[in-house]
Amino acid sequence: YSTGLGAAPDGSIWVGWLPSYRINPATLDFESFDLDALVATGLDSLSDIAIDPVDGAVYFSGYRFETTGNFAILARRDPVTKDVTSYYQNDAFQGFGQMVVDDLGSIVAVASRPGTDAVVRIDPGMPPTIEVFEVGGQPVDVALDVDGSYVVIDSFGNPTRLQDIDPDTGTVAPIVTDLAAAFPGTFGWSAVEVDAAGRVFVAPSQSGLGAVQRTPI
């Protein structure tokens, strides 16, 4: 079954794990890719797929299982050679989850660990470097805002929040301080997205979709 999904700037949709393929809905251009190549990088479980708007590289997030515990891993598919290789690993985290790639080619991902999870930014380089943003709660998804900041949503918590991370200073500021109060009857959240007009959409664990105004609630 498929566990990762990503969209490229040209409209192509990437689907990962079982099956693994890319399709452009407009042109119907289709390409399958080998799951074994992902597994060979050390990925034992796939969480998400994101495409670099700078060079077209495709990133895969997830974790690797070891007898001592899971650790976070990113794999990268080269846009020219189409080779899939291990890109970054970090045993301080148990896995990398939902992610985006910003306009500078940095990967911004939810990172799980014992206790409180975090959001991390992995900047390209040899080797890549990591910056940790302590957002509190249980972040489950991250989206790129039109101004380049990162919008993060909690899955559960008391309260569950929607927050903004300034990419330059790392300052975390509230957009919605209590999603349950803003959307009565919801229990848990699974996704956040920002469209080209700057509108924020949030998806609860139940069916439905919510739109958020851009002033703190």
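Residues numbered from 1 in each chain as written. Predicted model: local features only at pLDDT ≥ 70, side-chain atom pairs only at ≥ 80, totals over all residues. Heavy atoms only, no water.

1. A closer look at the overall build of the protein
Selection rule: Only DSSP runs of H or I with at least four residues qualify as helices, and only runs of E with at least two residues qualify as strands; both kinds are numbered from the N terminus onward. When we talk radius of gyration, it's over C-alpha atoms, and the globule rule is simply 2.2 Å times the number of residues to the 0.38. The buried label goes to any residue with under 20% of its type's maximum accessible area, the exposed label to any with over 50%, and the partly exposed label to all in between, with areas taken from a 1.4 Å probe on protein chains only. In this analysis, two residues are considered to be in contact whenever any of their non-hydrogen atoms come within 4.5 Å of each other. Only the protein chains shown count as cover for residues, and all accessible areas are computed by the Shrake-Rupley method using a 1.4 Å probe. Residues counted as positive are Lys and Arg, residues counted as negative are Asp and Glu, and His and the chain ends are not counted. By convention, charge coordinates are those of NZ in Lys, CZ in Arg, CG in Asp, or CD in Glu.
Counting secondary structure elements, the protein contains 2 helices and 19 strands. Taken over the C-alpha trace, the protein has a radius of gyration of 17 Å; the compact-globule value for 217 residues is 17 Å, and the two agree within 12%. Projected onto its principal axes, the C-alpha positions of the protein cover 45 × 45 × 35 Å. Within the protein, buried positions represent 46% of all 217 residues. A separation threshold of at least 6 residues defines the contact pool for the protein, and within that pool the share at least 24 residues apart is 35%. Accessible area of the protein: about 10400 Å², with a carbon and sulfur share of 55%. Side-chain charges in the protein split into 10 positive and 29 negative, and the spacing between the mean points of these groups amounts to 2 Å.

2. What to know about the sheet that holds strand 11 (residues 118-123)
Put simply, the test is: Strands are treated as partners if at least two bridges between them are detected by DSSP. Angles here are taken between N-to-C directions and fall from 0 to 180 degrees, while the axes themselves are lines fitted to C-alpha atoms, restricted in helices to the stretch in contact.
The strand order across the open sheet formed by 4 strands is 9-10-11-12, and the pairing between neighbours is antiparallel. Bordering the open sheet on either side are strand 9 (95-101) and strand 12 (129-133), each of which pairs with just one other strand. Sheet twist, expressed as the mean angle between neighbouring strand axes with direction ignored, is 30°. In this structure, strand 10 (residues 107-112) lies alongside strand 11, joined through 5 bridges in antiparallel fashion.

3. Overview of the nonpolar core
Worth spelling out the cut-off: Here, the term nonpolar core denotes a set of buried Ala, Val, Leu, Ile, Met, Phe, Trp, Tyr and Cys residues that are joined through side-chain atoms within 4.5 Å.
Formed by 17 residues in total, the largest nonpolar core has its most connected members in Leu74, Phe96, Ile107 and Ile122. Elements with a minimum of two residues in this core: strand 7 (69-77), strand 8 (84-90), strand 9, strand 10 and strand 11. Leaving out residues up to four positions away in the same chain, Phe96 has contacts with Ser47, Ser61, Gly62, Ala72, Ile73, Leu74, Tyr88, Asn90, Val110, Ala111, Val120 and Ile122. Within the second largest apolar cluster, 15 residues are counted, among which are Trp17, Leu35, Leu38 and Leu46.

4. What about unusual backbone geometry?
Negative phi is the rule for most residues except glycine; trans is the rule for most peptide bonds. The peptide bond linking Met126 to Pro127 adopts the cis configuration, its omega dihedral lying at 0°. Despite not being glycine, Leu28 has its phi angle at roughly 65°, a positive value. Among the structural elements, Leu28 can be located in the loop between strand 3 (21-23) and strand 4 (30-32). Relative accessible area serves as the criterion here: at 62%, Leu28 is assigned to the exposed category. Although it is not a glycine, Lys82 adopts a positive phi angle of roughly 70°. Following the sequence through the fold, Lys82 ends up in the loop between strand 7 and strand 8.

5. Side note on the sheet that holds strand 5 (residues 45-51)
Spatially, 4 strands are ordered 5-6-7-8 in an open sheet, and the strand pairing comes out antiparallel. Bordering the open sheet on either side are strand 5 and strand 8, each of which pairs with just one other strand. Within the sheet, the average angular offset between the axes of one strand and its neighbour, ignoring direction, is 25°. As paired elements, strand 6 (residues 58-66) and strand 7 share 9 bridges and run antiparallel to each other. Its bridge partner lying in strand 7, Glu66 is registered against Gly69.

6. Re the environment of Tyr88
Within the element layout of this structure, Tyr88 appears in strand 8. Taking relative accessible area as the criterion, Tyr88 reaches 11% and is therefore assigned buried. As a C-alpha pair, Tyr88 and Asp178 span 90 residues in sequence and 34 Å in three-dimensional space.

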